[in-house]
Amino acid sequence: MLRFLISRLLTFIPTFIGVCIISFAFIRVLPGDPIVVMAGERGLSDERYQEMVEQFGFDRPLIVQFWDFFTGVLQGDLGTSFVTKRPVFDEFFALFPATLELSFCAIVIAIVLGLPAGVIAAVNRGKFFDRALMSSALVGYSMPIFWWALLLIIIFSGNLGWTPVSGRIDLLYFFPPVTGFMLIDSLLSGQDGAFTSAVRHLILPSIVLATIPLAVIARQTRSAMLEVLGEDYIRTARSKGLAPPRVNGLHALRNAMIPVITVIGLSVGMLLAGAILTETIFSWPGIGKWMVDSIYRRDYPVVQGGLLMVALMVMVVNLIVDLTYGLINPKIRKR
Amino acid sequence: MADVSSSTNTTPTDAATARPGRFKEFWRYFKENRGAVIGFYVFVFFLIVAIFAPLLAPFDPSSQNRAATLVPPFWQSGGNWTYPLGTDPLGRDMLSRLIHGARYSFLVGTVVVILAATGGILTGLVAGFAPKWLDTIIMRIMDIILSIPSLLLALVLVAILGPSLLNAMIAIAIVLQPHYVRLTRAAVMTELSKDYVVSAKVAGARLPRLMFVTVLPNCLAPIIVQAALSFSNAILDVAALGFLGMGAQPPTPEWGTMLAEAREFILRAWWVVTFPGLAILVTVLAINLMGDGLRDALDPKLKRS
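Residues numbered from 1 in each chain as written. Chains lettered and ligands numbered in written order. Predicted model: local features only at pLDDT ≥ 70, side-chain atom pairs only at ≥ 80, totals over all residues. Heavy atoms only, no water.

## Digging into the overall build of chain B
Okay, so step 1: Summing up its helical and strand segments, chain B has 13 helices and zero strands in all.
Okay, so step 2: Dimensions of chain B, computed from C-alpha atoms along their principal axes, come out at roughly 75 × 50 × 30 Å.
Okay, so step 3: Relative to all contacts within chain B whose residues are 6 or more apart in sequence, the contacts with residues 24 or more apart total 69%.
Okay, so step 4: Carbon and sulfur atoms form 65% of the exposed surface of chain B, whose accessible area is close to 14,100 Å². (Helix = DSSP H or I, 4+ residues; strand = E, 2+ residues; numbered from the N terminus. Contact = heavy atoms within 4.5 Å. Areas by Shrake-Rupley, 256 points an atom, 1.4 Å probe, with all protein chains shown as cover.)

Written as structure tokens, this is what we have:
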């Protein structure tokens, strides 16, 4: 196990360096001079321009610039935003809870609905339930979620008026962020209706973001279950006269979980990609919207730092999935 | 030289016992999946619409009629048969724009799949045949690309290249390419240990022949399935980029771009938002249905059972 752990950790390092190189290189090849962009319409005198080139170190060799960037990254310094003048690292962690809260709710919805759907479909293979569930899963999988979001807004916000269109909470409520998670903070604040407001803001974005992972989890659970249900020990359990829920739930699902857990872990990347669209549409102040806005504003340090942080998140989650996978299934370790 | 890939029909004995032709056999398995056949017909329908768009569309997709802005579809009060699916805020016919939009979606799917598959298959073949150090380097690079969420990477790439449909296609192709590399490499690895490859080597086949003639045809099944899946992914992602203003630029009647233009009217005119998205959904769904059927038909494990 230790050898597996170490070898897996060792592959993490070159990938991390590679991601650093990519996010660094992107900014250097972007068209347009970042300093001119930063100066805006007022323009710059030649002396001030030179001063700023030196300040940002653009006059030094690329390799030196990269080394500075890389050592900075290792110390948690991702540079300063051109627009807000705040450190990118601080901005990332100020906004990250919003994305985390949204993604967490989405993945909970996806698991709570997706797992049973997959099990029911597998148990009723070829019957009506199977077909209905798998057809809906395929529709969900094919869904352009930006359109799905607009559709839900038309129905639930426009026609029915049940949910708000954007933001995390009504402007009526104000309280200092404690944890950064609106659901918890609104409860802590003790203000009447704050929690309900937070939930009402959260519900549509979570549904939208959950759609594709839900479909993927349902499909994966079904196929993993089908594979397991054909095994000998399931036949044994059945012939022993165990109740079907016990066989399906305990014997089969437990063994079908391994590929499902992998899919759940891998859907983190999917969630972050989905968060870009979901957060933009619902004006959700999280990482996705922050990245899109920075790209529009050509705020290079934020694009560079944000890309790196997001990739790092995905890599860490993939690493954890791999390690747990190795923990559950000893065969993997030997490879 | 033994060309294993096309030697299925070498000994035709009795018509009843002979194996059916490759395509016939494929179609027989494909046909069993009713959803896949429906998907196939929908796909063909959209393809015909895309090809004959200028003949089918009643209006020019970018001609504006200031007298008829935001006309609802014909079944709603205020709608008429001149504009069966209504008009957008600039008085352009929705139906004509949707029909022309089909062209862009198919263009996007085809170009992206060709770019991603060519690059990915070549890189995957090289990785599969290469010495271990080169293989490691290639696969690490693919890991790096895969660790960045696809849409985010595409977004940044388009920001670098400048927003346009072509650049969006290039960005999506780069993002989708690692999947082909992984698939091809894995398939090559399994094939390389098989006897027919060894015998081809012994018979003196050189590396290019070994790569492209001996091994590659036997790796194609998973790649074809992947091609179907990435065709639909490409349509979705390019529409998403268009929606974020980083893909096709207005007034191009690309479905994602149409949605972006219509966003501010969602609560006033449901049809300008509903139809382009529905078109994306139906196309992508049809292709995914086909992909499922392809997988079932090409997967040897399922065939035997």
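There is more to say after this.
## Considering the UniProt feature "transmembrane region" (unreviewed entry) in chain A
Residues and elements named next belong to chain A.
Okay, so step 1: According to UniProt, the feature "transmembrane region" (unreviewed entry) maps to residues 9–30, 92–120, 132–156, 198–218, 256–282 and 302–328 in the numbering used here.
Okay, so step 2: In residues 92–120, helix accounts for 100% and strand for 0%; the two terminal C-alpha atoms are 41 Å from one another.
Okay, so step 3: With 96% helix and 0% strand, the stretch residues 256–282 has end C-alpha atoms that lie 36 Å from each other. (UniProt positions renumbered as here; feature names shortened; annotations may be inferred.)

## Describing the nonpolar core
Nonpolar side chains tend toward joint burial in soluble globular proteins.
Okay, so step 1: Among the nonpolar cores identified, the biggest contains 180 residues, and Phe-146 of chain A together with Leu-241, Val-272 and Val-273 of chain B are the most heavily contacted of them.
Okay, so step 2: For this core, the element with the highest residue contribution is helix α4 (residues 94–129) of chain B, accounting for 14 residues.
Okay, so step 3: Here this core spans two domains, and each of domain 1 (19–74) and domain 2 (88–333) of chain A adds at least three residues to it. (Core = buried A, V, L, I, M, F, W, Y, C linked by side-chain atoms within 4.5 Å. Buried < 20%, exposed > 50% of the residue type's maximum accessible area, 1.4 Å probe, protein only. Domains from an automatic or database assignment.)

## Regarding a nonpolar patch on the surface
Okay, so step 1: On the surface, Leu-2, Ile-6, Leu-10, Ile-13, Ile-17 and Ile-21 of chain A cluster together to form a nonpolar patch covering roughly 550 Å² of accessible area.
Okay, so step 2: Tracing the backbone shows Leu-10 of chain A in helix α1 (residues 2–29). (Patch = residues over 30% accessible without salt bridge, like charges linked within 9 Å, V, L, I, M, F, W, Y side chains within 5 Å. Salt bridge = Lys/Arg side-chain N within 4 Å of Asp/Glu carboxyl O.)

## Description of the layout of surface pockets
Residue and element names in this part refer to chain A.
Okay, so step 1: In this structure, the second largest pocket spans a volume of roughly 600 Å³.
Okay, so step 2: When contributions to the lining of the second largest pocket are tallied by element, the ones reaching two or more residues are α1, α2 (34–39), α3 (46–56), α4 (62–74) and α13 (300–328).
Okay, so step 3: For the lining of the second largest pocket, a count of residues per class yields 11 nonpolar, eight polar and six charged.
Okay, so step 4: Looking at which domains feed residues into the lining of the second largest pocket, each of domain 1 (19–74) and domain 2 (88–333) gives three or more. (1 Å grid on protein atoms, 1.4 Å probe; cavity = no way out; pocket = protein on both sides within 12 Å on 5 of 7 lines; lining within 4 Å. Points joined across faces, edges and corners; volume = space filled by probe spheres on them. Nonpolar A, V, L, I, M, F, W, Y, C, P; charged D, E, K, R; others polar.)

## A short note on the interface of chain A and chain B
Okay, so step 1: Each side of the interface is counted separately: chain A has 43 residues, and chain B has 39 residues.
Okay, so step 2: Note on chain A versus chain B: buried area summed over both sides is about 3,700 Å², and carbon and sulfur give 81% of it.
Okay, so step 3: Counting across the chain A and chain B interface gives one salt bridge.
Okay, so step 4: A salt bridge links Arg-219 of chain A to Asp-292 of chain B; the shortest N-O distance between them is 3.3 Å. (Buried area = accessible area lost by both parts, 1.4 Å probe.)

## Description of the packing of helix α7 (residues 145–159) of chain A against helix α9 (residues 194–229) of chain A
Residues and elements named next belong to chain A.
Okay, so step 1: Put simply, α7 and α9 touch, their axes get as near as 10 Å, and they point 145° apart. Between α7 and α9 lies a crossing of right-handed hand. Across the interface between the two elements, Ile-145, Trp-148, Ala-149, Leu-152, Ile-153, Phe-156 and Ser-157 of α7 pack against Leu-204, Ile-207, Val-208, Thr-211 and Ile-212 of α9.
Okay, so step 2: Taken together, the residues of the contact of α7 with α9 break down into 10 nonpolar, two polar and no charged. (Axes fitted to C-alpha atoms, helices over the stretch in contact; angles between N-to-C directions. Left-handed = near helix turned anticlockwise from the far one by under 90°.)

## Describing the packing of aromatic side chains
Okay, so step 1: Applying the stated rule across the entire model yields 27 aromatic pairs over all chains.
Okay, so step 2: Plain terms: the ring middles of Phe-59 of chain B and Tyr-83 of chain B are 5.1 Å apart, the flat faces sit at 25° to each other, and that makes the pair stacked. Of this pair, Phe-59 of chain B sits in the loop between α3 (53–56) and α4 while Tyr-83 of chain B sits in the loop between α3 and α4, and the two are 24 residues apart along the sequence.
Okay, so step 3: Since its relative accessible area comes to 28%, Phe-59 of chain B is described here as partly exposed.
Okay, so step 4: Tyr-83 of chain B sits in the buried class, given a relative accessible area of 7%.
Okay, so step 5: Counting every residue linked through ring pairs, the aromatic cluster contains Phe-16, Phe-24, Phe-66, Trp-67, Phe-69 and Phe-70 of chain A.
Okay, so step 6: The cationic tip of Arg-219 of chain A hangs over the ring face of Tyr-141 of chain A; the distance from NZ or CZ to the ring centre is 5.2 Å. (Phe/Tyr/Trp six-rings, centres within 6.5 Å; stacked < 30°, edge-to-face > 60°. Lys NZ or Arg CZ within 6 Å of the ring centre and 35° of its normal.)

## Some details on the domain arrangement of chain A
Okay, so step 1: By domain assignment, chain A separates into domain 1 (19–74) and domain 2 (88–333).
Okay, so step 2: Look at where the C-alpha atoms of domain 1 of chain A and domain 2 of chain A centre, and you get two points 37 Å apart.

## Focus on unusual backbone geometry
Okay, so step 1: With an omega of 10°, the peptide bond running from Pro-250 of chain B to Pro-251 of chain B counts as cis.
Okay, so step 2: By the element assignment, Pro-251 of chain B lies in the loop between α10 (220–243) and α11 (255–262).
Okay, so step 3: Even without glycine at this site, Lys-85 of chain A takes up a positive phi of about 65°.
Okay, so step 4: Turning to its location among the elements, Lys-85 of chain A is positioned in the loop between α4 and α5 (88–123).
Okay, so step 5: You can call Lys-85 of chain A exposed: its relative accessible area is 54%.

## Observations regarding the side chain of Gln-226 of chain B
Okay, so step 1: Residue position: Gln-226 of chain B is located in helix α10.
Okay, so step 2: Discounting residues that sit within four places of it in the chain, Gln-226 of chain B has contacts with His-179, Tyr-180 and Leu-183 of chain B.

## Here's the deal with the pattern of salt bridges
Okay, so step 1: Taken as a whole and judged by the stated rule, the model has 13 salt bridges over all chains.
Okay, so step 2: Between Arg-222 of chain A and Asp-130 of chain A there is a salt bridge; the shortest N-O distance is 2.8 Å. With a gap of 92 residues between them, Arg-222 of chain A in helix α9 and Asp-130 of chain A in helix α6 (residues 128–141) connect regions that are remote in the sequence.
Okay, so step 3: One salt bridge connects Arg-235 of chain A with Asp-232 of chain A, and the closest N-O pair in it is separated by 2.6 Å. Taken together, the residues Arg-235 of chain A and Asp-232 of chain A, both in helix α10 (residues 232–239) and three residues apart, mark about one turn of the helix. In terms of burial, Arg-235 of chain A and Asp-232 of chain A fall into one category: exposed.
Okay, so step 4: The structure contains a network of salt bridges with shared partners spanning Asp-88, Arg-92, Arg-97 and Glu-261 of chain B.

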